[in-house]
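A look at the structure
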Number of protein chains: 2
Amino acid sequence: MAHILLLSNSTAPGRAYLEHAREILAETLDGVAAVAFVPYALADLDAYTATVAAALAPFGVTTHGVHESRNVLSDSGAVFVGGGNTFRLVKRLHEEGLIGTIRDAVGAGVPYIGSSAGTNVACPKISTTNDMPIVEPPSFDALRLVPFQINPHYVDPDPASIHQGETRQERIQQYLEENPGPVLGMREGTWLTSNGAGGALGGIAAGARLFTRSGESEIAPGTDLGHLWRARP
Amino acid sequence: MAHILLLSNSTAPGRAYLEHAREILAETLDGVAAVAFVPYALADLDAYTATVAAALAPFGVTTHGVHESRNVLSDSGAVFVGGGNTFRLVKRLHEEGLIGTIRDAVGAGVPYIGSSAGTNVACPKISTTNDMPIVEPPSFDALRLVPFQINPHYVDPDPASIHQGETRQERIQQYLEENPGPVLGMREGTWLTSNGAGGALGGIAAGARLFTRSGESEIAPGTDLGHLWRARP
């Protein structure tokens, strides 16, 4: 039973917040009554929590922000970490002592749903985020719910572009110059499900791109990714 | 006399490395015989140094990488910090003790030329870089050669894009939620010249976009930016 759901992004074009992932969200939240929402990636914690509470209400769950009271996490049957800025998010996770608390809860089987920055922080480090380092966290260490790095919102190089900044592919190749990898570049509309010891790709046909030091490969939805749990650099 | 030259990017489409900025580079390097190149933003230090040495040779200067010997910096009449990954660059600047050394040299009048990541590290912090945090530096603190933040390779939001990741504008707005600003978004082909106490924008007509907590404004090439030195948040 996959209790970890990592979404590349929260909103598909022309659809409502989380709508594109409705079925997999329903599966992951099956039997859950209350969700603890972690809103720290955005500035307005109450507004963000209200948005997510409304989007999750159709799944039959009530949602409370972890900033509202110390008991929200322990009183909830699942954790949702929303997108925004990954540096702001991981800084608050460290400051609020949530890194260990969330990791322990998910290790004990509590469902974890992450989107965008919430997917970044499910990795060992935040080192493959696309976000601007607007604040300085005490550490790049994150939740390590999966043993490899993910790049959410992965976009392929655009051959028509005249922009001189690095492509996403080049940025990930630079990551691999400094770290063993692998990095799973998840295109928008895809997600990863995991039971903590293995996992699979889901979502739209565009799939994902896997970057290792020995090369790149395409990953189609439905592909078992268990080898990423067994690989040790 | 402006001795600080901060380029948004190193290569314009269809032109050779640094070619688009030839005139302003010649002005900045006037009277300089030897340039100390800081190659730490890329992985291959020797290859990067060779590229830059060849590009700067027409200006009548010899170029050596600061990784080659301890004396390169003190033996040179100017410092050039090249682009690549800003996190990798600032990590090495701290580790090699170059933050204070370069800041002191530039404060004493030694010309500084930065491109892309080399422009990011001329700011107080690296917090407005576009780069992926592939390594964890001991600090986000940088050279503070100018008292405000710059975003190199600034790109305007693309109204036709269906990509759900944040636009550059949104990322800078998130920066301003957490920091007082301002941030100068320098479009490709532009540069900033400074004498350490003031400065001006140069480069192509597209210019720059200035982000403050009270709003955004367009900056045309030739505009005096002295108010950015006098503004105190």
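This report concerns the structure included in the present document. Nothing here was measured: the structure is a model prediction, and the numbers come from that model. (Residues numbered from 1 in each chain as written. Chains lettered and ligands numbered in written order. Predicted model: local features only at pLDDT ≥ 70, side-chain atom pairs only at ≥ 80, totals over all residues. Heavy atoms only, no water.)

1. What about the overall build of chain A?
Within chain A one finds seven helices and 11 strands. Taken over the C-alpha trace, chain A has a radius of gyration of 17 Å; the compact-globule value for 233 residues is 17 Å, and the two agree within 12%. Each principal axis of the C-alpha atoms in chain A carries an extent, and together these give about 45 × 35 × 35 Å. Across the 233 residues that make up chain A, the buried fraction comes to 58%. (Helix = DSSP H or I, 4+ residues; strand = E, 2+ residues; numbered from the N terminus. Rg over C-alpha atoms; globule rule 2.2 N^0.38 Å. Buried < 20%, exposed > 50% of the residue type's maximum accessible area, 1.4 Å probe, protein only.)

2. A short note on the pattern of salt bridges
Overall, the coordinates contain 24 salt bridges over all chains when judged by the stated rule. A salt bridge links Arg-171 of chain A to Asp-131 of chain B, with the nearest nitrogen and oxygen atoms 3.0 Å apart. Of the two residues, Arg-171 of chain A sits in helix H6 (residues 168–178) while Asp-131 of chain B sits in the loop between helix H5 (117–120) and strand E6 (149–154), which places them in two different chains. For the residue pair Arg-171 of chain A and Asp-131 of chain B, the accessibility class agrees, reading buried in each case. Note that Glu-216 of chain A and Arg-209 of chain A form a salt bridge whose closest N and O atoms lie 2.6 Å from each other. Each of Asp-156, Arg-187, Arg-209, Glu-216 and Glu-218 of chain A takes part in one network of salt bridges that share partners. (Salt bridge = Lys/Arg side-chain N within 4 Å of Asp/Glu carboxyl O.)

3. Things to note about the nonpolar core
Counting 104 residues, the largest nonpolar core has Tyr-112 of chain A together with Tyr-112 of chain B as its most contacted members. Counting 21 residues, the second largest nonpolar core, distinct from the first, contains Ile-24, Leu-56, Ala-78 and Trp-191 of chain A. (Core = buried A, V, L, I, M, F, W, Y, C linked by side-chain atoms within 4.5 Å.)

4. Structural notes on the relation of the copies chain B and chain A
In screw terms, the move from chain B to chain A is a rotation of 180 degrees and a rise of 0.0 Å along the axis, fitting with an RMSD of 0.0 Å. The superposition operator between the copies reduces to a two-fold rotation axis. When the interface residues of chain B are mapped onto chain A, 100% of them again fall at the interface, so both copies present the same face. (Least-squares fit on C-alpha atoms with pLDDT ≥ 70 in both. Contact = heavy atoms within 4.5 Å.)

5. Section: the packing of helix H3 (residues 86–95) of chain A against helix H4 (residues 98–107) of chain A
Residues and elements named next belong to chain A. At a minimum axis distance of 6 Å, the contact between H3 and H4 shows a crossing angle of 90 degrees. The angle between the axes of H3 and H4 places the two elements in the roughly perpendicular class. In this structure, H3 uses Val-90, Leu-93 and His-94 to contact H4, whose residues at the interface are Leu-98, Ile-99 and Ile-102. When grouped by side-chain class, the residues that make up the contact of H3 with H4 number five nonpolar, one polar and no charged. (Axes fitted to C-alpha atoms, helices over the stretch in contact; angles between N-to-C directions. Parallel < 35°, antiparallel > 145°, perpendicular 65-115°, else oblique. Nonpolar A, V, L, I, M, F, W, Y, C, P; charged D, E, K, R; others polar.)

6. Looking at the sheet that holds strand E4 (residues 78–81) of chain A
Residue and element names in this part refer to chain A. One open sheet holds the seven strands; their spatial order is E3-E2-E4-E5-E1-E8-E9, and the pairing between them is mixed. The open sheet has two edge strands with one neighbour each: strand E3 (62–65) and strand E9 (199–203). In this sheet, adjacent strand axes meet at a mean angle of 20 degrees when their direction is disregarded. (Pairing = 2+ DSSP bridges.)

7. Describing the pairing of strand E10 (residues 208–212) of chain B
Residues and elements named next belong to chain B. E10 sits mainly inside the fold: four of its five residues count as buried. Here strand E7 (residues 183–187) runs beside E10; their pairing, made up of four bridges, is antiparallel. Opposite Leu-184, over in E10, you have Leu-210 as the bridge partner. Where E10 and strand E11 (residues 215–219) come together, five bridges link them in antiparallel fashion. What sits directly across from Ala-208, in E11, is Ile-219. Counting the residues in the hairpin turn of E10 and E11 gives two residues.

8. Things to note about the pairing of strand E5 (residues 112–115) of chain B
Consecutive residues of a regular strand have side chains that alternate between opposite faces of the sheet. All names here are of chain B. By the alternation rule, side chains of E5 split into Tyr-112 and Gly-114 and Ile-113 and Ser-115, which are all buried. Across four bridges, the pairing between strand E1 (residues 4–7) and E5 is parallel. When the sheet's bridge partners are listed, Leu-7 is paired in E5 with Ser-115. Strand direction decides the pairing type here: strand E4 (residues 78–81) and E5, joined by three bridges, are parallel. Considered in E5, the bridge of Phe-80 is made with Ile-113.

9. Thoughts on helix H3 (residues 86–95) of chain B
All names here are of chain B. Residues of H3 that are buried: Thr-86, Phe-87, Arg-88, Leu-89, Val-90 and Leu-93. Its side-chain oxygen 2.9 Å from the backbone nitrogen of Phe-87, Asn-85 forms the N-cap of H3. Looking at the residues trailing H3, positive phi occurs at Gly-97, about 70 degrees. (Polar contact = N/O pair within 3.5 Å; in protein donor to acceptor, adjacent residues only side chain to side chain.)

Everything listed is a geometric property; what it means functionally is a separate question.
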